[in-house]
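# Chains, contacts and geometry: an overview
What follows is each chain in one-letter form.
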Amino acid sequence: MLTGRMALELYLDLISPPCRAVYIFAKKNNICFEFKPVELFKDSILGRKMSGGQSHEGQQHTEEFAKVKILKKVPVLKDGVFTLAESTAILLYLSRKYNTPDHWYSSDLQKRARVDEYLSWHHNSFRRIAPKTLWIKVLIPLFTGQAAPPEKLQEVIDELAASLVQFEEKFLQDKPFIMGSEISLADLMAVVELMQPVGVGCHIFADRPKLAAWRSRVEEAVGKELFQEAHEQILNIKELSSIEVEPKLKELLAPTLMKMLK
Amino acid sequence: MVVELFLDLLSQPCRALFIFAKKNNIPFEFKHVELIKGQHLSEEFGKVNVLKKVPALKDGTFTLAESIAILLYLRRKFNTPDHWYPSDLRKRARVDEYLSWQHTAIREKGCRIFFTKVLMPLAVGQPFSPDKLEEAVKEMNFTLVQFEEKFLQDKPFIVGSEISLADLVAIVELMQHDPNFLGCKRFADRPKLAAWRSRGEEAVGKELFQEAHKQVLNAKSLGSMQLSSELKEHLKQILK
């Protein structure tokens, strides 16, 4: 008889790119986990109801979840009593614990260094910039009832464009994938982030054939079905614009919104 | 052929690398890239790191950017003591967790303070904006609370009883805001943080620690830095 061994829990909201990376990685590698849905914007996204008695604050900020994550972000991993934040850390932990195929995080010294290099650069480039497209095109109008100034979107698009140039020049170059001939954690983290602007109608792959080819390769390496499944929500994000938003939620998010608009 | 490390000790990530390499007796050639002279923007340096940032590594024909990647590369290649990046799955995950979080937390907030208080005024020739500095300091303070509550807690170091890459990377960032530097009292009103920093300094070795921080602890010389005109232009672009 199996003793009460707690399953691996992954707290995810697939609207968030790092959550998608973790989700795809776990599924692709047949890692058994319990999907614990976290809705970053609570009821305001796609009209889903909260399970159990919850406070009126965005679900992510409830006490229970806060115990799991003092940093109040997703994704979060819970393995028995061990909790872990930060998608990079989670991906590395899973790759080691479940001994996933070498290409994800090569044991070759220099190839691994290339993945580390990308994962580090990623934070202040795609991770920082790409989400702004969602805020400006969907969330700000949703929460304020007004469109964001068009110059703001252009600013973000320009910033993202500059990052894409660096990405192609430094990380991708003329290789099939960042590390070389096979997909790694680096490609996964990059692609999920770049799907954010795509989801809100910024077609960054349209006039970038090299990048578009890379994205297709990543999608194929991951498996089209899994890739689409993970991206279903973000690709249908426009549905959001017709949702009623709770006033309390608007209040909570107001400071973040103001920052975006500065 | 010896590993080349392209560094400027004014930069926090460079100090982490310098300390790590020296502490572990890793032979390397110190290639000084003077930031205030804009040397990182040169075409020559661009061949080492097309991103034009320090630190950078050159090992034969292999070049590498990003301090975290370089630290991990060195510790693997030179097989440094386990505590720096524990082989224990969960302890290692804790180090990874910190190294990931810090980019947009302590590193980002720290840089903003430095830019606001030192670089921007030097670039545009005007005194810093007290409002902007206050905002930057407020964000840093919030981040430090998160750091103490989530990462340090009541442990001697981030991962437990011994110093790791996480502590090293954190300490050098906070040393940019040492009481001697920029007049920011980062440690003065935070005894737990101050105690941790002392432990870190001791674990690294006081002499090495001081050597790495010589430039940054000399507040007077920082205030009178002369930025190259190329650098000034470059800064004005990115600091708007």
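Report follows, based on the coordinates. Predicted model, so just to flag it, every value in this text is computed and none were measured.

How each quantity is defined
Per-chain numbering applies: the sequence of each chain, read as written, is numbered from 1 onward. Here chains are named by letter from A upward and ligands by number from 1 upward, in the order in which they appear as written. Local features are withheld for residues below a pLDDT of 70 in this predicted model, meaning they are given only at 70 or higher, and side-chain atom pairs are given and counted only at 80 or more; totals for whole chains, interfaces and linings count all residues. The basis for every side-chain value is the complete set of heavy atoms in the structure, and neither hydrogens nor water enter the calculation. Here a residue-residue contact requires only that any non-hydrogen atoms of the pair lie within 4.5 Å. Accessible-area loss on putting two parts together, using a 1.4 Å probe and summing over both, is the definition of buried area adopted here. Counted as salt bridges are all cases of a side-chain nitrogen of Lys or Arg within 4 Å of a carboxyl oxygen of Asp or Glu. Between N or O atoms, a polar contact is any pair within 3.5 Å; within protein, one atom must be a potential hydrogen donor and the other a potential acceptor, and residues adjacent in sequence are included only when both atoms are from side chains. In DSSP terms, a helix is any run of H or I states spanning at least four residues, a strand is any run of E spanning at least two, and both are numbered starting from the N terminus. Patches here: salt-bridge-free residues with over 30% relative accessible area, like charges joined within 9 Å, nonpolar side chains (Val, Leu, Ile, Met, Phe, Trp, Tyr) joined within 5 Å. Areas reported here follow the Shrake-Rupley algorithm with a probe of radius 1.4 Å; residue values treat only the protein chains shown as occluding. Just so you know, the count uses Lys and Arg for positive and Asp and Glu for negative, and it drops His and the chain ends. Lys charges are placed at NZ, Arg charges at CZ, Asp charges at CG and Glu charges at CD. Helix span is expected to be 1.5 Å times the residue number reduced by one. The classification of residues rests on relative accessible area computed with a 1.4 Å probe and restricted to protein chains. Under 20% of the type maximum is buried, over 50% is exposed, and intermediate values are partly exposed.

## Focus on the interface of chain A and chain B
By a frequent convention, interface size equals the accessible area lost on bringing the separate parts together. Each partner contributes to the interface: chain A provides 35 residues, whereas chain B provides 32 residues. Taken over both partners, the interface formed by chain A and chain B buries close to 3,100 Å², and the fraction arising from carbon and sulfur atoms is 58%. There are one salt bridge connecting chain A and chain B. Close ionic contact of Arg 96 of chain A with Asp 96 of chain B constitutes a salt bridge, the shortest N to O distance being 3.1 Å. Counting across the chain A and chain B interface gives 13 residue pairs in polar contact (both at pLDDT 80 or more). Broken down by secondary-structure element, the contributors of at least two residues to the side of chain A that touches chain B are β4 (82-85), α3 (87-97), α4 (109-123) and α6 (150-172) of chain A. Considering each element in turn, the side of chain A that touches chain B owes the most residues, ten residues, to α4 of chain A.

## Quick word on a negative patch on the surface
Among the surface-exposed residues, Glu 225, Glu 229, Glu 232 and Glu 239 of chain A lie close enough to one another that they form a single negatively charged patch. Turning to its location among the elements, Glu 232 of chain A is positioned in helix α9 (residues 224-235).

## Overview of helix α4 (residues 89-101) of chain B
Because an α-helix packs 3.6 residues into every turn, residues spaced three or four apart end up facing the same way. Residues and elements named next belong to chain B. Its 13 residues give α4 an end-to-end C-alpha distance of 18 Å, which sits within 8% of 18 Å, the value for a rise of 1.5 Å per residue. Burial analysis of α4 places ten of its 13 residues in the buried class, which makes it a mostly covered element. Buried residues of α4: Arg 92, Ala 93, Arg 94, Val 95, Asp 96, Glu 97, Tyr 98, Leu 99, Ser 100 and Trp 101, and no others. Two or three places before Arg 90, at the opening of α4, Asp 88 has a side-chain oxygen 3.2 Å from that residue's backbone nitrogen.

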